[in-house]
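# Descriptive analysis of the structure
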Amino acid sequence: MADKKFNPLPGFGLTMGYTLLYLSVLILIPLVGLFLRAAQISPSDFWHLISSERAVAAFKLTFGASFLAASINAVFGSLLAWVLVRYDFFGRRFIDAMVDFPFALPTAVAGLTLCSLLGPNGWLGHFLFPIGIHAVYTRLAVVIALTFVGLPFVVRTLQPVLQNMDQEVEEAAATLGASRLRTFVQILVPTLFPTVLTGFALAFARAVGEYGSIAFVSANLRLKTEIVPSLIVDRLLGSHDVAGATAIAATLLVLSFTVLAAINWLESKVGSFNE
């Protein structure tokens, strides 16, 4: 009879128990409670709550702006990560530290900062408003705020992969006569795309749940700039409609999970194809 594999770090049962308890208290139990509360709503009332004109407009803006913001971060965040890893220049450490600024900054403060910067009398807004670019209290403001909070997820996801990437492959391609464009398309893109997709998924998930900064830069205008988290808060605190808030929150959770599951499936397919 084969001996059990020796583990130099004992206590698996205890640590696993604490892990499951921790995850259950923080994640599983609240989610189960949400769905149990949503199950108490009749199907017709549930559909009426989530299919109202206001709810549909909020869902479209939330997922549309989150997808656009995550896409912007996937492109420019990847470029920023590439510059920070591959080049050594004055101020690089400062810029690298600034990437984490949205992590440390409270979302409400981020909203106030963006309003001060992009408002009609702001440093940038003073130049943008005269040419017709309204970067506050519009859907553009929502995209800007979501891009701001989601940028670190792409950069920090891609940086370790770039740091560990062997540059000898690129040098070999150049030695064999491959152009920079061909090296980028045939070597770098297939290698980095799964990681970029992961960063995109993280930025998208962060954007879908954002509330604090949006509340300031969008003004929560119904049917125009209102996102789903703002609608949930208004249902719960404004009109004390617990059923409506629960139905919309459960729908948002299911849709978010479905989108993330699809992205993860695509990432696994791309990864297996590259292998």
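Residues numbered from 1 in each chain as written. Predicted model: local features only at pLDDT ≥ 70, side-chain atom pairs only at ≥ 80, totals over all residues. Heavy atoms only, no water.

Along the chain, Thr 251 falls in helix H13 (residues 242–274). For Thr 251, a relative accessible area of 13% corresponds to the buried category. Here the alpha-carbon distance between Thr 251 and Ala 262, two residues eleven residues apart in the chain, equals 17 Å. Among all residues touching Thr 251, those that are not within four sequence positions of it are Phe 46, Ile 50 and Phe 59. Of the polar contacts made by the side chain of Thr 251, one reaches the backbone oxygen of Ala 247; its length is 2.8 Å. (Helix = DSSP H or I, 4+ residues; strand = E, 2+ residues; numbered from the N terminus. Buried < 20%, exposed > 50% of the residue type's maximum accessible area, 1.4 Å probe, protein only. Contact = heavy atoms within 4.5 Å. Polar contact = N/O pair within 3.5 Å; in protein donor to acceptor, adjacent residues only side chain to side chain.)

The next thing to look at is the environment of Arg 54. Mapped onto the elements of the fold, Arg 54 is located in helix H3 (residues 53–86). Among the residues examined, Arg 54 registers a relative accessible area of 15% and is labelled buried. Note: C-alpha distance between Arg 54 and Asp 96 (42 residues apart in sequence) is 40 Å. Excluding residues that lie within four positions of it along the chain, Arg 54 makes contacts with Arg 222, Leu 223, Glu 226, Leu 231 and Asp 234.

Right, let's get into the nonpolar core. Phe 59, Val 228, Ile 232 and Leu 252 are the most contacted members of the largest nonpolar core, which has 32 residues in total. Listing elements by their share of this core, those giving two or more residues are H3, helix H8 (139–164), helix H10 (180–208), helix H12 (228–238) and H13. At nine residues, H10 tops the list of elements feeding residues into this core. Excluding anything up to four places from it in sequence, Val 228 contacts Ala 58, Phe 59, Thr 62, Ile 248 and Leu 252. Judged by nonpolar contacts, the second largest core, of 17 residues, contains Cys 115, Leu 118, Leu 146 and Val 217. (Core = buried A, V, L, I, M, F, W, Y, C linked by side-chain atoms within 4.5 Å.)

Once that is clear, we can look at the confidence of the model for the protein. Scored by pLDDT, the protein has a mean of 87; 94% of the residues are at 70 or more. Summarising per-element confidence for the protein, the mean pLDDT is lowest in helix H9 (residues 168–175) (75) and highest in H3 (95). (pLDDT = per-residue confidence, 0-100.)

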